[in-house]
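What follows is the residue order along each chain.
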Amino acid sequence: SGSAKAFAAVLADGRVATWGCPDSGGDCRAVQDELVSVSEIVASQYSFAALRRDGRVITWGAQEFGGDSTGVKSQLQGISHVVASSKSFAAIGSDGRLVTWGDPQSGGDSSAVQAHLSDIEELAACSSAFAALLGDGRIVGWGSPDCGGARLDPLDVAMS
């Protein structure tokens, strides 16, 4: 996976190798001991999130781009999927719950739509917003209004 200035790779044994600009995620030494049994790495513009096989998420890189998940660390367990916008991350728990962190304007704060976010089946991101497809077929978006994140009310979408 690559950020704007660094790379991260999952090795065959589940450990992680990083290189590139240290401030953009090219240096993971601060969390290296936690980067074991990694199954997937997702990148924002200047940070990374690693999903471990046990459902924990580990982050590093530029704080303002989601590299600091301290505020939600206790919630980053039992995670099944992670996606990234340019400055934030969103993760779905195996129980359908959503956890977001990073730049609030780029989707790192989902509190305005949290009441609508249950039974999430799919999650997608663009540069500054996220969209969740719910089990009942509705779509909820948050993040930058210019990027489709202004969906404070669920959107009913006809499937064909």
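Residues numbered from 1 in each chain as written. Predicted model: local features only at pLDDT ≥ 70, side-chain atom pairs only at ≥ 80, totals over all residues. Heavy atoms only, no water.

(A) A look at the state of the cysteines. According to the stated counting rule, one finds zero disulfides in the structure shown. Cys28 takes part in no disulfide bond, and the closest cysteine sulfur to it belongs to Cys21, at a distance of 14 Å. (Disulfide = S-S within 2.5 Å.)

(B) Inspection of the pattern of salt bridges at higher detail. Across all of its chains, the model carries seven salt bridges by this definition. The salt bridge involving Glu34 is made with Lys73; its shortest N-O contact spans 3.7 Å. Of this pair, Glu34 sits in the loop between β2 (16-20) and β3 (38-43) while Lys73 sits in the loop between β5 (57-61) and β6 (79-84), and the two are 39 residues apart along the sequence. The exposure class of Lys73 is partly exposed, given its relative accessible area of 44%. A salt bridge links Asp95 to Arg97; the nearest nitrogen and oxygen atoms lie 3.1 Å apart. (Salt bridge = Lys/Arg side-chain N within 4 Å of Asp/Glu carboxyl O. Helix = DSSP H or I, 4+ residues; strand = E, 2+ residues; numbered from the N terminus. Buried < 20%, exposed > 50% of the residue type's maximum accessible area, 1.4 Å probe, protein only.)

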